[in-house]
Amino acid sequence: GRNNVGKSNLLDAIRLAIGPTSARSESFWLSKDDFHRTSPTDATGRKITIKLIFEGLGDKERSKYYEMVDFDLSDISKSKAVLNYEATWPKGKRTPKVDRWGGNSASERPQVPPALLEALSVTYLPPLRDATLALAPGVKSKLAILLKDLIERKGAGANDGQMITSIFAHANTKLEEQQVIKDVT
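The following paragraphs examine the structure supplied in this document.

Reading the values: rules and limits
Residues numbered from 1 in each chain as written. Predicted model: local features only at pLDDT ≥ 70, side-chain atom pairs only at ≥ 80, totals over all residues. Heavy atoms only, no water. Helix = DSSP H or I, 4+ residues; strand = E, 2+ residues; numbered from the N terminus. Buried < 20%, exposed > 50% of the residue type's maximum accessible area, 1.4 Å probe, protein only. Contact = heavy atoms within 4.5 Å. Core = buried A, V, L, I, M, F, W, Y, C linked by side-chain atoms within 4.5 Å. Salt bridge = Lys/Arg side-chain N within 4 Å of Asp/Glu carboxyl O. Phe/Tyr/Trp six-rings, centres within 6.5 Å; stacked < 30°, edge-to-face > 60°. Lys NZ or Arg CZ within 6 Å of the ring centre and 35° of its normal. Polar contact = N/O pair within 3.5 Å; in protein donor to acceptor, adjacent residues only side chain to side chain. Pairing = 2+ DSSP bridges. Expected span 1.5 Å × (residues − 1).

**Topic: the overall build of the protein**
A count of helical and extended segments in the protein gives seven helices and four strands. Listing every helix and strand of the protein by position from the N terminus yields α-β-α-β-β-β-α-α-α-α-α. Within the protein, the proportion of its 185 residues that are buried is 24%. Restricting to contacts in the protein with at least 6 residues of sequence separation, those with at least 24 account for 51%.

**Some details on the nonpolar core**
Judged by nonpolar contacts, the single largest core of 22 residues is most densely connected at Leu 30, Ile 48, Ile 50, Met 68, Leu 83 and Tyr 85. Elements with a minimum of two residues in this core: α1 (7–18), β1 (47–54), β3 (80–88) and α3 (114–119). Broken down by element, the residue count for this core peaks at four residues, all from β3. Apart from the residues within four sequence positions on either side, Ile 50 is in contact with Ala 13, Leu 16, Ala 17, Leu 83, Asn 84 and Tyr 85.

**Quick look at the pattern of salt bridges**
Considering all chains together, one arrives at seven salt bridges under this definition. Here Lys 174 ties to Glu 177 by a salt bridge, and the two come within 3.9 Å at their closest N and O atoms. Residue classification places Lys 174 among the partly exposed residues on the basis of a relative accessible area of 42%.

**Comments concerning the environment of Leu 117**
Here Leu 117 lies in helix α3. Judged by relative accessible area, Leu 117 falls into the buried class, the value being 8%. Sequence separation between Leu 117 and Gly 19 is 98 residues, and the spatial gap between their C-alpha atoms is 7.1 Å.

**Observations regarding the packing of aromatic side chains**
Applying the stated criterion across every chain yields a total of two aromatic pairs. Ring geometry for Tyr 66 against Phe 71: centres 5.5 Å apart, planes inclined by 50°, an arrangement best described as tilted. By relative accessible area, which is 31% here, Phe 71 ends up partly exposed. Over the ring of Trp 101 we find Arg 109; its NZ or CZ atom is 3.8 Å from the centre of that ring.

**Quick look at the side chain of Asp 12**
Tracing the chain through its elements places Asp 12 in helix α1. Given the relative accessible area of 15%, Asp 12 is considered buried. In terms of polar contacts, Asp 12 uses its side chain to reach the side chain of Arg 15, at 2.9 Å.

**Thoughts on the pairing of β3**
Counting buried residues along β3, seven of its nine residues qualify, which places the element largely inside the surrounding structure. Relative to β3, β1 runs antiparallel, the two being bridged by eight bridges. In the strand pairing of β3, Ile 50 is matched with Tyr 85. In terms of strand pairing, β3 meets strand β4 (residues 97–102) through six bridges, oriented antiparallel. Following the sheet pairing, Glu 86 is matched in β4 by Asp 99.

**Section: the side chain of Arg 15**
Here Arg 15 lies in helix α1. On the accessibility criterion, Arg 15 (7% relative accessible area) is buried.

**Re α1**
Between its first and last C-alpha, α1 extends 17 Å over twelve residues, near the 16 Å set by a 1.5 Å rise per residue. For α1, the full list of buried residues reads Asp 12, Arg 15, Leu 16, Ala 17 and Ile 18. In this structure, the buried side of α1 is in contact with β1, β3, β4 and α3. Looking one or two residues past α1, Gly 19 carries a phi angle of roughly 100°, positive in sign.

Purely geometric stuff here, so don't read any function into it on its own.
If you want it as structure tokens, here you go:
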């Protein structure tokens, strides 16, 4: 999508709500500047609120994320997992106060166990500002980061990694044979 429409802000909100334990790449932390102020001298206490709703849960997901599920007793298949996030910056403190809870209740706030947050893993790839650099071959390329993360999450072994490397080596060889690539390089 176009630049400056909020794509990164949306992803940052998801990363913030799920928390640093879920991130496979750089973590995201709040600063005082993240809280809206009407002017530089505005000292009004503000809060950041994020609600993530996960729909289409199967029996396995409803069981795994039980502490977060808002059960629809009339049709259990319509039950949703809800992760709530709220951050405030108490006066005189150097860090924000963060609260994460599951379910749809505003009055009851059952804390989400860290193991559940870790199970909601995120692979964050920063915005693509320099395509040549970001897509260059190597272990720090965006594609390499995605593939490494996929292999780790699936519990794949070294053979799977070698197979993927072999596929890409073959693809690179085939690309280098194309005249359009020869003309550019």
